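Architecture at a glance
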Amino acid sequence: MSSADLRTEPNPDLEGVPHTGEAVLSDGYLVEPQADDFDHAKAAPTDPHWYKRAVFYEVLVRAFHDHDGNGTGDLIGLTRKLDYLEWLGIDCLWLPPFYASPLRDGGYDISDFRAVLPEFGTVEDFVELLNEAHKRGIRVITDLVMNHTSDQHPWFQESRRDPQGPYGGFYVWSDKDTGYPEARVIFVDTETSNWTYDPVRCQFYWHRFFSHQPDLNYDNPEVGEAMLDVLRFWLDLGIDGFRLDAVPYLFEEEGTNCENLPRTHGFLKRCRKVVDDEYPDRVLLAEANQWPADVVEYFGDPAVGGDEAHMAFHFPLMPRIFMAVRRESRFPISEILAQTPAIPSGAQWGIFLRNHDELTLEMVTDEERDYMYSEYVKDPRMRANIGIRRRLAPLLDNDRNQLELFTALLLSLPGSPVLYYGDEIGMGDNIWLGDRDAVRTPMQWTPDRNAGFSCCDPGRIYLPVIMDPVYGYQAINVEAQSASTQSLLNWTRRMIQVRREHPAFGLGDFNELGSSNPSVLAYRRHHVGNHDTDDDLVICINNLSRFPQPVELDLSEYAGGVPVELTGGVRFPPIGELPYLLTLPGHGFYWFQIVLPDIGRDA
Amino acid sequence: MISAVDLVADIADALAAVLPEQRWFSGKGRPIHAIIPLRATDLAGADPRLVHAVVEVDQGELPRDRYQFLFGVRSDVPENLGHAWVAASGDQGVYQAENDVELAVLLLDLMARGTEVQGLRFATEPGVTLDTEQRSRPVGAEQSNTSLVYGQTYILKLFRKVAAGRNRDLEMHRALAAVGCQHIAAPLGSIEGPLGTAGEADTAAFGMLTEYLRNVADGWAMATASVRDLLAESLLIEGAPGSVEHADPADVGGDFASEAYRLGHVVATVHTDLATALGSSPAPAGYLDMLADGMHRRLDGVLEQVPELSPHSDELRAAFDAVRGFEGPLPVQQVHGDLHLGQVLRSVTGWVLIDFEGEPMVPLADRDAPASPLRDVAAMLRSLDYAANHLPLGETDSEQRAAVALAWSTRNQDAFCDGYAQAAPDPRKQAVLLRAFELDKALYEVAYEHGNRPLWLPIPLAAIARLTAAHP
Ligand SMILES: Nc1ncnc2c1ncn2[C@@H]1O[C@H](COP(=O)(O)OP(=O)(O)OP(=O)(O)O)[C@@H](O)[C@H]1O
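Residues numbered from 1 in each chain as written. Chains lettered and ligands numbered in written order. Predicted model: local features only at pLDDT ≥ 70, side-chain atom pairs only at ≥ 80, totals over all residues. Heavy atoms only, no water.

Before going further, it helps to spend a moment on the overall build of chain A. Broken down by element type, chain A carries 20 helices and 20 strands. The C-alpha atoms of chain A give a radius of gyration of 25 Å, which matches the 25 Å a tight globule of 603 residues would have. When the 603 residues of chain A are sorted by exposure, 63% land in the buried category. Accessible surface, chain A as shown: approximately 22500 Å² in total, 50% of it carbon and sulfur. (Helix = DSSP H or I, 4+ residues; strand = E, 2+ residues; numbered from the N terminus. Rg over C-alpha atoms; globule rule 2.2 N^0.38 Å. Buried < 20%, exposed > 50% of the residue type's maximum accessible area, 1.4 Å probe, protein only. Areas by Shrake-Rupley, 256 points an atom, 1.4 Å probe, with all protein chains shown as cover.)

Residues and elements named next belong to chain B. What surrounds the ligand is a group of 17 residues, the closest being Gln 143, Ser 144, Lys 157, Leu 213 and Asp 355. Here Leu 213 contributes a backbone N or O atom positioned 2.8 Å from a nitrogen atom of the ligand. Taking 610 Å² as the accessible area of the ligand by itself, protein coverage stands at 81%. Among the secondary structure elements, those contributing two or more residues to the shell around the ligand are β10 (154-158) and β12 (203-211). Counted by class, the shell around the ligand contains 7 nonpolar, 5 polar and 5 charged residues. (Near = heavy atom within 4 Å. Polar contact = N/O pair within 3.5 Å; in protein donor to acceptor, adjacent residues only side chain to side chain. Nonpolar A, V, L, I, M, F, W, Y, C, P; charged D, E, K, R; others polar.)

Time to look at unusual backbone geometry. Residue and element names in this part refer to chain B. Omega for the peptide link from Asp 47 to Pro 48 comes to 5 degrees, which places this bond in the cis form. Looking at the secondary structure, you find Pro 48 in the loop between β1 (34-44) and β2 (49-58). Pro 63 follows Leu 62 through a cis peptide bond whose omega is -10 degrees.

Within the element layout of this structure, Arg 160 of chain B appears in the loop between β10 and α3 (168-178). Setting aside its immediate chain neighbours within four residues, Arg 160 of chain B contacts Trp 24, Arg 66, Tyr 67, Gln 68, Phe 69, Gln 96, Glu 98, Ser 144, Asn 145 and Thr 146 of chain B. (Contact = heavy atoms within 4.5 Å.)

One can find Trp 220 of chain B in helix α4 (residues 219-235). Taking the C-alpha atoms as reference points, Trp 220 of chain B and Gly 342 of chain B, 122 residues apart in sequence, are found 5.4 Å from one another.

Summed over the entire model, instances satisfying the criterion amount to 69 salt bridges over all chains. Arg 391 of chain A is the partner of Asp 423 of chain A in a salt bridge, and the nearest nitrogen-oxygen pair spans 2.8 Å. Here Arg 391 of chain A lies in the loop between α15 (380-386) and α16 (392-395) and Asp 423 of chain A lies in the loop between β13 (416-420) and α18 (478-483), a separation of 32 residues in the sequence. Residues Asp 423 of chain A and Arg 391 of chain A agree in their burial class; the two are buried. The partner of Glu 357 of chain B in a salt bridge is Lys 157 of chain B, with the nearest N and O atoms 3.0 Å apart. A residue pair is termed long-range when its members are at least 10 positions apart, and Glu 357 of chain B in the loop between β17 (350-353) and α8 (374-390) and Lys 157 of chain B in strand β10 qualify at 200 residues. One salt-bridge network, in which partners are shared between bridges, spans Asp 83, Glu 86, Glu 132, Lys 135 and Arg 136 of chain A. (Salt bridge = Lys/Arg side-chain N within 4 Å of Asp/Glu carboxyl O.)

Close reading of the predicted structure is inappropriate where its pLDDT is low. The predicted model of chain B has a mean per-residue pLDDT of 91, with 96% of residues at 70 or higher. Interface predicted TM-score (ipTM) for the complex: 0.82; the corresponding pTM is 0.87. (pLDDT = per-residue confidence, 0-100.)

For the rest of this paragraph, the subject is empty space enclosed by the protein. In total, this model carries 4 cavities of 30 Å³ or more according to the counting rule given. Taken together, 13 residues form the lining of the largest cavity, with Leu 392, Thr 407, Leu 419, Asp 423 and Glu 424 of chain A sitting closest to its centre. Contributions of two or more residues to the lining of the largest cavity are made by α17 (400-412), β13 and α19 (488-501) of chain A. Grouping the constituent residues of the lining of the largest cavity by class yields 8 nonpolar, 2 polar and 3 charged. Approximately 90 Å³ is the volume found for the second largest cavity. Taken together, Arg 327, Glu 328, Ser 329 and Pro 518 of chain A together with Met 222, Ala 225, Ser 226, Gly 254, Asp 255, Phe 256 and Glu 259 of chain B make up the full set of residues lining the second largest cavity. (1 Å grid on protein atoms, 1.4 Å probe; cavity = no way out; pocket = protein on both sides within 12 Å on 5 of 7 lines; lining within 4 Å. Points joined across faces, edges and corners; volume = space filled by probe spheres on them.)

Now for the sheet that holds strand β4 (residues 85-89) of chain B. Residue and element names in this part refer to chain B. An order of β1-β2-β3-β5-β4 is seen for the 5 strands of this open sheet, with the pairing classed as antiparallel. Pairing within the sheet leaves two strands with one partner each, and these edge strands are β1 and β4. If you compare each strand with its neighbour and ignore which way they point, the axes differ by 30 degrees on average. Alignment of β4 against strand β5 (residues 92-96), held across 4 bridges, turns out to be antiparallel. Counterpart to Ala 88 in the pairing with β5 is Gly 93. Across the face of the sheet, helix α2 (residues 101-113) comes into contact with β1, β2, β3 (65-74) and β5 while running at roughly 90 degrees to β2. (Pairing = 2+ DSSP bridges. Axes fitted to C-alpha atoms, helices over the stretch in contact; angles between N-to-C directions.)

Turning next to the side chain of His 207 of chain A. Residue and element names in this part refer to chain A. Looking at where His 207 falls in the secondary structure, it is placed in the loop between β8 (203-206) and α8 (221-237). Classification of His 207 as buried rests on a relative accessible area of 0%. Polar contacts involving the side chain of His 207 include one to the main-chain carbonyl oxygen of Phe 209, which spans 3.0 Å. Beyond its immediate stretch of four places on either side in the chain, His 207 contacts Glu 191, Ser 193, Asn 194, Trp 195, Thr 196, Gln 213, Pro 214 and Asp 215.

Here the focus is the packing of α4 of chain B against α8 of chain B. Residue and element names in this part refer to chain B. Remark: α4 packs on α8, axes separated minimally by 8 Å, with the N-to-C direction vectors making an angle of 45 degrees. Regarding the angle of α4 to α8, the classification is oblique. The two elements α4 and α8 cross, and the hand of that crossing is right-handed. From α4, Trp 220, Ala 223, Thr 224 and Val 227 reach across to α8, where they touch Ser 383, Tyr 386, Ala 387, Ala 388 and His 390. Here the residues of the contact of α4 with α8 are counted per class, giving 6 nonpolar, 3 polar and no charged. (Parallel < 35°, antiparallel > 145°, perpendicular 65-115°, else oblique. Left-handed = near helix turned anticlockwise from the far one by under 90°.)

In this section: the nonpolar core. By size, the foremost hydrophobic cluster in this structure holds 157 residues, and its most contacted members are Tyr 57, Tyr 84, Leu 93, Trp 155 and Trp 234 of chain A. No other element matches α8 of chain A, which puts 10 residues into this core. (Core = buried A, V, L, I, M, F, W, Y, C linked by side-chain atoms within 4.5 Å.)

On the chain A side, the residues contacting the 26 residues of chain B number 28 residues. Here chain B and chain A share an interface that buries about 2300 Å² over both sides, 46% of which is from carbon and sulfur atoms. In this structure, the connection of chain B to chain A is made through 4 salt bridges. For Arg 137 of chain B, the salt bridge goes to Asp 554 of chain A, with nearest N and O atoms at 2.8 Å. One can count 12 residue pairs in polar contact (both at pLDDT 80 or more) joining chain B with chain A. (Buried area = accessible area lost by both parts, 1.4 Å probe.)

Printed below as a string of structure tokens:
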């Protein structure tokens, strides 16, 4: 193949759309779209710590609503459904990548950071989404893969074609495939080495993930600059932040496992500085699928309130919530929270029950640091149930009590909750679609054709809508559930409202209240306000067992206070010196505000 | 102000009336002839006033038991202390002071300051500084002593029945802490001093302060939650009437085996730490015969009371005699002595062993005798069996339930031994001895249940039937 052929290798479907590499400057640099080529969205109302109180909602553009009737959801479709999300009480949308991509890794293989995947729409559509969302007080963040690109990215095509050109050093090239031997192969099922030979450049290139996703070479200062410019491009358009994908792997160093290196943290500090200096109110959420003690490093220096990511996902909590309920024992949750270090004042965890990707347990934790964890992996039950990709409702046998308990835990444990689209109505999955797609079927809006997702011929839909009798769109859909006061959807909405009324959930500290009953998990969330009247003290008590349980809590610290149940406002008997006795129905929970006599304020 | 000694003498008669109502009083059911004050010491204050006292209880037999008291004295006894009322003295009221938040915190102060009052030494363990800004509350649980929790930080165990000489609980905690054992509540302070029996070498321990473990649940609550889950799953299985089909304990969510495994590992680690701290030696000559003789003696006694046992007596005797011929290494050392699921607490970092007072039925002086660690292992295996069987109690007799209990018990006993074998020799390799210890423990249980809780008698009886039927 001649180099000329390579130059013309088509960037997927970007005909007629501004994209990277439409033209080449005389010095060999590719021309890339600039933010000023587009309108900019109006910003959301300012609020520096919004992400600490926010309820996030992960939505796949492809799966939410199809506006143009081609069978695939799109940005305009999503924009049309913002009223629903506002009604539900969502504060921020998280969109997995919608960039131009050959889609060999669900869009995480980005072939142009500055173009939208044509089937989803255009950059203009995205700006429109931002505008409409901001009008409703909803923010939008998206994934950005910093570590690598698709091998279809023009940068890579240039790099392999012209080692001496401006992109020659954008990737990690080597004559040998023996470098960095201590770095593990992450996708052991598909990859045998982190090096792959490129017949064009006649060298090996480095990749921590799939061989079609070459790692960017952060040793080259131009790469760092180029990626910061990608951040600026979207921030200029008005995006509210990024979930930074696979951050631990940016730099490589001989003699290390090439993860979490100091220079990787150094680069994140640069990203944060760009955000702080140029784009206040925007957030960086690090995806570091590691043990919490390691993840806190990605918040940066606690002395300044954190100077790397504002948020990071707390990965190990999710499987442990499932384990705890299965075991009818609080300890799986208690343990992981006890081992979670304090985070800087400006930082917040992101927590979730389900998302678009099932997590493999291997990725959750560092066995060497957690003997407890390795013990639990031995339980075949957990492997069977946590390793597979399913939605929340089928995982919980569609048991309404458990769905409510899990959601209550998600909304009250420390961190900002991330809901996964469709879980608010208890959508099911389609395991026949293969594990990746099982949980990515179209959102179920109505009992009508295609679940109201698209007006296309049913055969054209990117994935069939769920049709089984229990979870099918005729039984489970937004329209029916919004009409019923007893529905899961209305219940979830109500709980989100309650959460919003109490700063303790987002901003409060977390203290577990022990009890002698191992099946009950009780904790205190306390937000110390600027004035006494801002003080918010909430106590959450969860029965992890399917059977009714008594619990005696030592609340003597609040003797004289009155627990007021948050969903109904019912006042419970006042707290005295003796242990406070409560009984909970199977999988039941209570949220109480403690109204102290000296404050004398009602809930 | 009336002296502490006179005060206690003043209320002695009233104490005789109060004593039989105390949970920790072990002379229940026998008449009290007299209360003889041994010592009384003013610890603090005038109104309220805190008095420490030791009294001897004359119930006609020797030796007489001695008990520790803390009295509060107030002109105006608040209503919430009414239940602790003992007597009036002059125009003041005397009551037991453990529930008096104002007075209880003084004990912590005295320890923090290292005070000595009339020979009563309040001390911290070396290197410990106490935070005395803590609110106290008594532990609600049924127990043979009285424990006070300070804040969520410390727990002070006040020994009720006191005796001159070393205190095993305190000593074991100190010895284990000295070798860095991670599986106990760290000892932080003590109250020790003369008992007041003029003449004798009579120093006694009155209190032990340890770290309070927040957010713990005891092994019994953990284990029975798991059994409950297995039973519920099993009841879902459709079977022919009288079917013994049940869910596999390995498959149900509430499986306890990983906890039992960790517990076994912790018990073995504590045994190893005890050996490091206090030594371990090969059993002395005659130890096996002594063991076997003791077991036979117990059997003799129980057979007299519980005739249901006689069908098993030949096998029991054979199992005990087999001990005499046991060959192989047999180290003896300090052990826990009273291990069961109620003595192990699950914290967020793992299992912790509490209460090293030793075997309750053995005279204090003999509790220190070195023993085989298998004794503790056998005791825990029995406790797991109790947990497995306790829920079905009172239900209509069901073979399915029995089968569930057996499956749970077997799985978790195995897991416990597997975990134990990770840190010490596998107890199952000494099957003859382990089985004899288990049977001996079960005999003790038979006697106890026969006398106290006849409903529970089937649990140890079934265990004996099973253990004697399956020869190793
Ligand atoms: N360090 C500790 N941290 C938390 N709780 C504790 C601690 N030590 C003891 N407890 C609680 O207090 C209870 C009584 O403790 P302990 O067994 O030491 O006293 P005891 O009077 O000897 O009891 P018993 O007569 O039941 O053996 C225990 O069941 C446990 O629930």
